[in-house]
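In case you want the letters, here they are:
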Amino acid sequence: MDFLKIKEFLHHVELFRDLTEEEIATTSGQVTIQHFETGAFLFKINEPRKVIFFIVSGKIELFKATPQGKEKFITSFRKYDFLGEGSLLDSYPHSTSARALEVSTALCLGIDFFSSHGAIAVKVMSNISRVISRRLRYAVHLNSDDSAQYESGRTRTEHDLLGDREVPYEYYYGIQTLRALENFNISGVRLNSYPELVKSLAIVKMAAAKANYDLGLLPKEMAEAIIRTCHEIIDSRFLNHFVVDMMQGGAGTSTNMNANEVIANRALELMGYKKGDYKHCHPNSHVNLSQSTNDVYPTAIQLALYRSNEKLVKVLKKLIESFRKKAAEFALIIKMGRTQLQDAVPTTLGQTFGAFATTLEEEIMRLNENANLFLEINIGGTAIGTGLNANPQYSGKVVSYLRQITGLDIVLAPDLVEATQDTGQYVIYSSAVKRLAIKLSKICNDLRLLSSGPRAGLNEINLPPMQPGSTIMPGKVNPVIPEVVNQIAFKVIGNDLTVSFAAEAGQLELNVMEPVIVQSLLESIEMLKNGMDSLRYRCIDGITANVEHCRKMVENSIGLVTALNPYIGYENSSLIAKEALETGASVYDLVLKKKLMSKEELERVLDPRNMIRTEK
């Protein structure tokens, strides 16, 4: 990369806005070029901040460690982005880590450069202050009420069917999103609460732009700007500008327009125009070209749900693995099995936990099978499935690009009119999510029963103590993690009913209730993911067994006689059971007292390894 190319590159970097040609040239002469292989770190947490990095090519992720030792993705950076600018404001070490996701190149500028170039430093510091101020404003916006949406200060005038409105200049969304904010102050759950849906919208818009460019409907510069913007959104940029409420009328039009406006205004910036200068890139005429909300919105929903299901299954598999580990750990611990809450026959604690794992394993296939229905889409059907205003070749091209971008086996529905009005795929997937929730709730019921007590309950297992359980009863510790998973299950079951009602409410060529369908499903998935994660590392992984107590309950149980029936006969078993009930003596002691079996024989029958026989 020669000096002239470096100069040209730095002109596009926001940090160097307002620098003169001479100042850009001075800066260009001080940068170094560094290449990073996939997985290489630009910097790590707690390392000193000495360099500002400017991304020339590739992709860099920013992340930090969680208290559980995991990596939490923050955002990613591409061409013209910069990292490490905070080093000019203070001397604290890096609070995050940056790593190359693919082979990448960056220009590096040491912070010492600015100490000897005061005029440049003043301008750069001014730009950094503006960037940080904007980031803080966005952060406040995401954690405050609707009044934070409307800032005093600079605005731009936008126009739509209903007239003119002043839109805060800093925001990438436009007039139709502004109206949606006013009309749908409903749930407080914004579109950006579900990043996977926002990214899926960007994927659809990117595929549409590529298809429209191929068909000669979009000029190259505009298509490239739209595509680059979509890449940025997929990389978690501008999520804070997707602000419409998930609960909305209009069959998702507000969501689609929020995406159209953000993409159009960012594309305008990339092309050198001002936000709102829509003659150069219009939200409807260009970003939404060959599209309708009625094919874009469901396509994006289905992609988001498919990806969300992948994450749900991943968390589910980890929970199953934890149950499997406990099953192995508890394999030789004998306990009493129960039916109808009454003593039944002996089993092992390992079998109990193994059954939990098996019943959850069954749900993986169910979830994935039903999620596959989301790969059949109606893109190109436009308003009602007839394809009005779309080139006949558009559907095929956009599906091809969607397959290329996502790597998924996406197919076009054979009947786009039917696909535009049908919501059956959501109903059947919701039923699978509900089934998982019901099973999890039943398991949590069992955990609460098995740990009940400790003195006046079953007390066969101990759940990890998470917090004091009472404001009045000292020493009480409650099973709070299973309890919260129970409540999650109740909410998921309610969401499934909502999906059913919403699917039934479709009329003629469109079901306008899709917003509540997607909000219900994404909420259910998110709650289940979080709930299963908490159940795993705050409960299951820390469970211990009360081994001796479990064995004593087996020896004292009337149900033990069922296991001894093949050895002492039915008549003797009945007499032993009757006497045990009348006298309170244990079956174990009565069998030895009456010399029906030797202690060695009785121990052999009660050997936990005999409790886990699988032969029939």
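Our structure's up above, just so we're on the same page.
Residues numbered from 1 in each chain as written. Predicted model: local features only at pLDDT ≥ 70, side-chain atom pairs only at ≥ 80, totals over all residues. Heavy atoms only, no water.

(A) Quick look at the environment of Arg165. Of note, Arg165 is situated in strand β10 (residues 163-168). Separated by 14 residues in sequence, Arg165 and Arg179 have C-alpha atoms that sit 9.1 Å apart. If sequence neighbours within four positions are ignored, Arg165 has contacts with Arg156, Thr157, Glu158, Ile175, Leu178, Arg179 and Glu182. In this structure the side chain of Arg165 is engaged in a polar contact, spanning 2.6 Å, whose partner is the side chain of Glu182. (Helix = DSSP H or I, 4+ residues; strand = E, 2+ residues; numbered from the N terminus. Contact = heavy atoms within 4.5 Å. Polar contact = N/O pair within 3.5 Å; in protein donor to acceptor, adjacent residues only side chain to side chain.)

(B) Structural context of the pairing of strand β7 (residues 97-100). Of the two faces of β7, the one holding Ser97 and Arg99 and the one holding Ala98 and Ala100 are both buried throughout. Strand direction decides the pairing type here: strand β2 (residues 41-43) and β7, joined by 2 bridges, are antiparallel. Bridging across to β7, Phe43 finds its partner in Ala98. Here 4 bridges tie strand β4 (residues 60-65) to β7, and the two strands are oriented antiparallel to one another. Bridge pairing links Glu61 to Arg99 in β7. (Buried < 20%, exposed > 50% of the residue type's maximum accessible area, 1.4 Å probe, protein only. Pairing = 2+ DSSP bridges.)

(C) Up close: the sheet that holds β4. An order of β2-β7-β4-β5 is seen for the 4 strands of this open sheet, with the pairing classed as antiparallel. Each edge of the open sheet carries a strand with a single partner, namely β2 and β5 (71-77). Each adjacent strand pair in this sheet contributes to an overall mean axis angle of 30 degrees, direction not counted. (Axes fitted to C-alpha atoms, helices over the stretch in contact; angles between N-to-C directions.)

(D) Just empty space enclosed by the protein, in detail. This model, assessed by the stated rule, comprises 1 cavity of 30 Å³ or more. Size it by volume and the largest cavity reaches roughly 30 Å³. Lining the largest cavity are Leu463, Pro464, Met466, Asn478, Pro479, Val480, Ile481, Pro482, Arg538 and Cys539. With 3 residues, the top contributor of residues to the lining of the largest cavity is helix α15 (residues 480-504). Along the lines of polarity and charge, the residues of the lining of the largest cavity split into 8 nonpolar, 1 polar and 1 charged. (1 Å grid on protein atoms, 1.4 Å probe; cavity = no way out; pocket = protein on both sides within 12 Å on 5 of 7 lines; lining within 4 Å. Points joined across faces, edges and corners; volume = space filled by probe spheres on them. Nonpolar A, V, L, I, M, F, W, Y, C, P; charged D, E, K, R; others polar.)

(E) Structural context of the sheet that holds strand β1 (residues 32-36). In spatial order, the strands read β1-β8-β3-β6; together these 4 strands make up an open sheet with antiparallel pairing. Each having just a single partner strand, β1 and β6 (82-83) make up the two edges of the open sheet. Two elements, β1 and strand β8 (residues 104-110), share 5 bridges in a ladder whose sense is antiparallel. Note on β8: the bridge partner recorded for Thr32 is Cys108.

(F) Molecular detail of the nonpolar core. If you look at the biggest cluster of nonpolar residues, it comprises 117 residues, and the most contacted ones within it are Leu197, Ile226, Phe353, Leu447 and Leu535. If one sorts the elements of this core by residue count, helix α10 (residues 293-329) sits on top with 16 residues. Within the second largest apolar cluster, 23 residues are counted, among which are Leu19, Val56, Leu107 and Phe114. (Core = buried A, V, L, I, M, F, W, Y, C linked by side-chain atoms within 4.5 Å.)

(G) Summary view of the pattern of salt bridges. If you walk through the whole model with that rule in mind, you get 35 salt bridges. A salt bridge links Glu523 to Lys491; its shortest N-O distance comes to 3.0 Å. With a gap of 32 residues between them, Glu523 in helix α16 (residues 514-538) and Lys491 in helix α15 connect regions that are remote in the sequence. The exposure class of Lys491 is partly exposed, given its relative accessible area of 37%. Sharing partners across several salt bridges, the network here consists of Arg228, Glu232, Arg266, Glu269 and Lys275. (Salt bridge = Lys/Arg side-chain N within 4 Å of Asp/Glu carboxyl O.)

(H) Structural detail: the packing of helix α6 (residues 195-214) against α10. Contact geometry of α6 with α10 gives a least axis separation of 8 Å together with a crossing angle of 130 degrees. For the element pair α6 / α10, the angle class is oblique. Between α6 and α10 the crossing geometry is right-handed. From α6, Glu196, Leu197, Ser200, Leu201, Ile203, Val204 and Lys205 reach across to α10, where they touch Val296, Thr299, Ala300, Ile301, Leu303, Ala304, Arg307, Ser308 and Lys311. Tallied by class, residues from the contact of α6 with α10 come to 9 nonpolar, 3 polar and 4 charged. (Parallel < 35°, antiparallel > 145°, perpendicular 65-115°, else oblique. Left-handed = near helix turned anticlockwise from the far one by under 90°.)

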